[in-house]
Amino acid sequence: MNYRFENTYTYADFVSWGLEVRNILNSAGSGPQLIWAAYVVQFCLWAPISYFLLTLDIPFALQTILLFGALVLAGRFYETFIFSKLSAHLDRKSGNELPQKFSSIIEVDDTGIKVSDRAREISYSWDAFYAVRDTEKNVIFISDTIHCVIPAGCFPGFLEKDAFVRACSMKVEATTPQGQAFT
């Protein structure tokens, strides 16, 4: 197994990868329960506000549900489409002179993954990861403290991406938590 990818990306891409990883990690653990608890608290807070703000001639419970639903949809829209681009724009305006494009080389072999860019080189062994997720846009290697993202655009096609994910999944699943690899 020897793969080499040249990845060119923007800061907005980098932020959106972080959001995607956060969503994957939240869906795997106790995140959904906390999200629903936050929704219940928000609903209880917005219920009295909607009673006084909305002067529509509809029942109070329906007013509250409409306002709360609108806020949830607006929040999801903001997080999905606006946050990464706004974050990149604000970072450029704050004096952090970031280049428009970033570039990195990702090498995957039997020992692990090595990511190199102009400033640093990071090596991960296979036992650092506990999962490989294949999403529509990315291949994501996940551990408790780190993640590594390879965009789908680095692959020539779907079949190559699928073969890569299967080979990497076997490497990740073949290691134990203690880091011993079975061969």
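Quick summary incoming for the structure in this document.

## Focus on a nonpolar patch on the surface
On the surface, F77, Y78, F81, I82, F83, L86 and L90 cluster together to form a nonpolar patch covering roughly 630 Å² of accessible area. Considering the arrangement of structural elements, one finds Y78 in helix α3 (residues 60–93). Residue classification places Y78 among the partly exposed positions, given a relative accessible area of 37%.

## Some remarks on the layout of surface pockets
Its volume calculated, the largest pocket comes out at about 620 Å³. If you trace the largest pocket, you find 22 residues lining it, with Y9, F14, V115, D117 and R120 closest to the centre. Broken down by secondary-structure element, the contributors of at least two residues to the lining of the largest pocket are β1 (3–9), α1 (11–28), β2 (102–108), β4 (121–125) and β7 (147–151). Taken together, the residues that form the lining of the largest pocket break down as 14 nonpolar, four polar and four charged. Along the wall of the second largest pocket there are 17 residues; nearest its centre are S16, W17, E20, T80 and K137. Mapped by element, the contributors of at least two residues to the lining of the second largest pocket are α1 and α3.

## Examining the packing of aromatic side chains
Applying the stated criterion to the full structure yields 11 aromatic pairs. Geometrically, the ring pair formed by Y3 and F5 is stacked, given 6.0 Å between the ring centres and 5 degrees between the ring planes. Taking relative accessible area as the criterion, Y3 reaches 27% and is therefore assigned partly exposed. Ring centres of Y9 and W17 lie 5.1 Å apart, and the angle between their planes is 50 degrees; on these two criteria the pair is classed as tilted. For Y9, a relative accessible area of 12% corresponds to the buried category. By relative accessible area, W17 is classed as buried at 11%. In this structure an aromatic cluster arises from ring pairing among Y3, F5, Y124, W126, F129, F141, F155 and F164.

## Points about the sheet that holds β2
Read across the open sheet, the four strands follow the order β1-β2-β3-β4; overall the sheet is antiparallel. The outermost strands of the open sheet, each flanked by one partner alone, are β1 and β4. The mean angle between the axes of side-by-side strands here comes to 15 degrees, regardless of whether they run parallel or antiparallel. The pairing of β1 with β2 spans seven bridges and is classified as antiparallel. For R4, the partnering residue across the bridge sits in β2 and is E107.

## Things to note about the side chain of N138
With respect to the helices and strands, the residue N138 is situated in strand β6 (residues 138–142). At a separation of 2.5 Å, a polar atom in the side chain of N138 contacts the side chain of E20. Every residue in contact with N138, bar those within four places of it in the chain, is listed here: W17, E20, R133, V149, I150, P151, A152 and K161.

Analysis parameters
- Residues numbered from 1 in each chain as written.
- Predicted model: local features only at pLDDT ≥ 70, side-chain atom pairs only at ≥ 80, totals over all residues.
- Heavy atoms only, no water.
- Patch = residues over 30% accessible without salt bridge, like charges linked within 9 Å, V, L, I, M, F, W, Y side chains within 5 Å.
- Areas by Shrake-Rupley, 256 points an atom, 1.4 Å probe, with all protein chains shown as cover.
- Salt bridge = Lys/Arg side-chain N within 4 Å of Asp/Glu carboxyl O.
- Helix = DSSP H or I, 4+ residues; strand = E, 2+ residues; numbered from the N terminus.
- Buried < 20%, exposed > 50% of the residue type's maximum accessible area, 1.4 Å probe, protein only.
- 1 Å grid on protein atoms, 1.4 Å probe; cavity = no way out; pocket = protein on both sides within 12 Å on 5 of 7 lines; lining within 4 Å.
- Points joined across faces, edges and corners; volume = space filled by probe spheres on them.
- Nonpolar A, V, L, I, M, F, W, Y, C, P; charged D, E, K, R; others polar.
- Phe/Tyr/Trp six-rings, centres within 6.5 Å; stacked < 30°, edge-to-face > 60°.
- Pairing = 2+ DSSP bridges.
- Axes fitted to C-alpha atoms, helices over the stretch in contact; angles between N-to-C directions.
- Polar contact = N/O pair within 3.5 Å; in protein donor to acceptor, adjacent residues only side chain to side chain.
- Contact = heavy atoms within 4.5 Å.

Geometric descriptors of this kind do not, in isolation, establish any biological role.
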